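# Remarks on the overall topology
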Amino acid sequence: MAELKKSLGMLQLLAFGVAGVVGTSWIYTNSTLFGEYGAGGVVFGLAAGVLLAACVALAYSELTTTFPRAGGEVVYSYTSMGRGAAFFTGWMLLGAYVSSLAFYVTAFGFLLGNFFPVFNTIPLYTINDETVYLPVLLVGIALTALFFLLNWFGIEIGAQVQLAMFAAIVIIGAALVVVGFSTGSPQNFLPAYYPESIPVSDTLRFIIPGMTFLAGFGLVAVLAEDAKISARKVGRTVVLTVLAAGTFYCLVLAATAWVLPWEDVAQMDLGTVSAFREAGFPLLGAGAYLIAFLGLLTSFLGLFVASSRIMVAMGRAHLLPPQLADIHDRRGTPHKALIATAAVTLALGWLGPGAVVWFLDTGGVYLGIVWFMVVLAKYLTPRRYPELERPYRTRLGFLPAIGGVGALLVIIWAIVPGTSSSLVWPAEYIILGVWFAIGAVLYVVARAKQIDRTEGLHAILGDSYAHLHRHEIAAQQRRSEDT
């Protein structure tokens with residue numbers, strides 16, 4: 001079976017990972033977060049959330065070095081738990097990624113509308129109190145087409161664009177941090193909590209929402225087959241992605257609470273953007289807003305690429321139509337999966353943010369499930385294949401389990417009513433149920449055309465299958481001898 005062209009170096013992988021994690025709205029909505037949790041709750045709670053996400057990333061790292069194949073999480077679940085678990089994991093991952101892609105279709109135009117009023121003309125329709133305008137929709141369609149073309153001719157083109165935007169984010173972020181800490185004062189940050197609040201409580205309350213800030217670090221594992229570096233380096237890049245993105249978040253947020261009293265920032269409209277403007281640095285305020293634009297674009301591009309690779313993995317295992325796994329002979333790209341990704345993105349994207357936000361909010365549940373499944377696969381794989389050589393093993397084997405608990409808390413935090421991240425009743429609970437129902441129907445259809453386990457493993461693992469099969473036979477022989 002044809003494999004994807006290996007084009008990505010470590011910097012490109014890191015750009016897809018970190019820039020795919022660093023999103024858009026956090027930079028201009030952190031004033032609301034400061035108001036609810038205090039600067040200390042946000043910064044220290046996020047730091048703790050980063051550590052929890054890093055525990056999950058250790059499981060990814062171990063499995064990626066063992067199975068460096070497209071689709072990452074789908075491959076791990078299929079290998080350790082079988083077809084049903086693989087479909088469930090892949091379907092949850094597609095739900096999270098596709099809902100974000102659909103949101104980005106109109107989100108970019110809405111951001112532009114804050115500067116260019118022409119984007120807020122020619123209203124087409126209104127859904128959930130959000131009007132979709134023709135210029136906004138056209139920009140979203142054009143952006144989707146651009147990212148489709150960037151990847152149609154080879155991922156290396158899209159990777160260079162991603163790397164350039166990633167570099168811009170890092171440079172602007174570094175400027176915000178340096179200026180914020182050099183011109184601000186620790187008195188602006190301290191005390192870091194409201195007088196009437198309980199610091200430990202505010203910090204703990206933000207750990208799980210903070211953990212969701214790291215959504216997207218699995219992009220590196222999904223793109224493992226596209227990498228031209230060793231599997232061990234790919235695995236390390238997963239953990240590095242979490243730590244780098246988390247450090248970026250914490251430093252920029254801390255600088256925002258340092259340059260002006262964070263209580264004042266909590267009363268502002270645009271978080272970091274407003275804080276640096278009020279502190280006398282309008283250019284940096286504009287730079288902060290530019291991070292929002294670039295974060296949207298890098299997340300859009302990264303998730304677009306990753307969604308197509310998930311479809312490739314599920315197509316290889318006949319969990320979705322096998323045609324999705326077709327690789328172009330000359331370009332080495334999954335052309336049919338890219339077409340499917342663009343089609344689904346536009347099919348949902350036209351609904352606008354008013355409707356898509358319902359899909360977007362359920363993404364935390366999907367990602368929590370995926371993270372838990374990866375942690376589970378990390379512990380089940382060596383039990384199922386005790387003879388299998390693993391290039392990297394986590395020294396403290398209990399750490400991924402702690403991350404798994406965090407993943408379960410992400411799910412609970414969203415499903416249980418009354419939390420700061422609870423789903424909206426009834427719309428988002430209905431969408432969650434419908435997504436599960438559609439998945440169940442598709443799985444029943446896939447079961448009618450299923451291939452046997454050996455053929456499925458060979459298809460989804462490629463050259464790695466021979467390595468796995470050899471050790472599986474060795475384990476069977478050893479069990480026979482013991483008997």
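You'll find the protein chain entered in an unreviewed UniProt entry as APC family permease, with Brevibacterium gallinarum given as the organism. In its Subcellular location (unreviewed entry) section, the UniProt record describing the protein chain reads: "Cell membrane".

What follows deals with the overall build of the protein chain. Within the protein chain one finds 20 helices and 2 strands. In summary, the protein chain has a C-alpha radius of gyration of 22 Å against a globular reference of 23 Å for 483 residues, a match within 12%. In terms of its C-alpha atoms, the protein chain occupies a principal-axis envelope of roughly 75 × 50 × 45 Å. Put simply, the protein chain has 483 residues, and 59% of those count as buried.

With that settled, consider the packing of helix 3 (residues 73–81) against helix 4 (residues 83–113). Each pair of packed helices can be described by the angle between their axes along with the distance between the axes. In the contact formed by helix 3 and helix 4, the axes pass within 7 Å of each other and the chain directions differ by 160°. When the axes of helix 3 and helix 4 are compared, the pair comes out roughly antiparallel. Along this stretch, helix 3 crosses helix 4, giving a crossing that reads as right-handed. Only R83, A85, A86, T89, G90 and L93 of helix 4 make contact with helix 3, whose side of the interface consists of E73, V74, S77, Y78 and M81. Here the residues of the contact of helix 3 with helix 4 sort into 6 nonpolar, 3 polar and 2 charged.

The next point concerns the pairing of strand 2 (residues 130–133). Sheet topology note: the strand 1 (residues 123–127)/strand 2 ladder contains 4 bridges and is antiparallel. Within strand 2, the position partnered with I127 by the bridge is E130. Here strand 1 folds back onto strand 2, and the loop between the two strands holds 2 residues, one of which, N128, carries a positive phi near 55°.

On to the state of the cysteines. Applying the stated rule across the entire model yields 0 disulfides. Its sulfur unpaired, C55 is 15 Å from the next cysteine sulfur, which belongs to C250. For C250, a relative accessible area of 14% puts it in the buried group.

Overall, the coordinates contain 10 salt bridges when judged by the stated rule. Between K5 and E156 there is a salt bridge, with the nearest N and O atoms lying 3.2 Å from each other. A residue pair is termed long-range when its members are at least 10 positions apart, and K5 in the segment before helix 1 (10–21) and E156 in helix 6 (residues 155–183) qualify at 151 residues. Among the residues examined, K5 registers a relative accessible area of 41% and is labelled partly exposed. Salt bridges sharing partners connect three or more residues here, namely E3, R69, E225 and R316.

It is worth spelling out unusual backbone geometry at this point. Here the amide bond leading from L190 into P191 is cis, since omega sits at -10°, within 30 degrees of zero. Here P191 lies in the loop between helix 7 (186–189) and helix 8 (199–212). Backbone torsion omega between W425 and P426 reads 0°, so that peptide bond is classified as cis. Its location among the elements puts P426 in the loop between helix 17 (399–415) and helix 18 (427–448). Here N128, not a glycine, exhibits a phi torsion of approximately 55°, which is positive.

Parameters at a glance
- Residues numbered from 1 in each chain as written.
- Predicted model: local features only at pLDDT ≥ 70, side-chain atom pairs only at ≥ 80, totals over all residues.
- Heavy atoms only, no water.
- UniProt positions renumbered as here; feature names shortened; annotations may be inferred.
- Helix = DSSP H or I, 4+ residues; strand = E, 2+ residues; numbered from the N terminus.
- Rg over C-alpha atoms; globule rule 2.2 N^0.38 Å.
- Buried < 20%, exposed > 50% of the residue type's maximum accessible area, 1.4 Å probe, protein only.
- Axes fitted to C-alpha atoms, helices over the stretch in contact; angles between N-to-C directions.
- Parallel < 35°, antiparallel > 145°, perpendicular 65-115°, else oblique.
- Left-handed = near helix turned anticlockwise from the far one by under 90°.
- Contact = heavy atoms within 4.5 Å.
- Nonpolar A, V, L, I, M, F, W, Y, C, P; charged D, E, K, R; others polar.
- Pairing = 2+ DSSP bridges.
- Disulfide = S-S within 2.5 Å.
- Salt bridge = Lys/Arg side-chain N within 4 Å of Asp/Glu carboxyl O.

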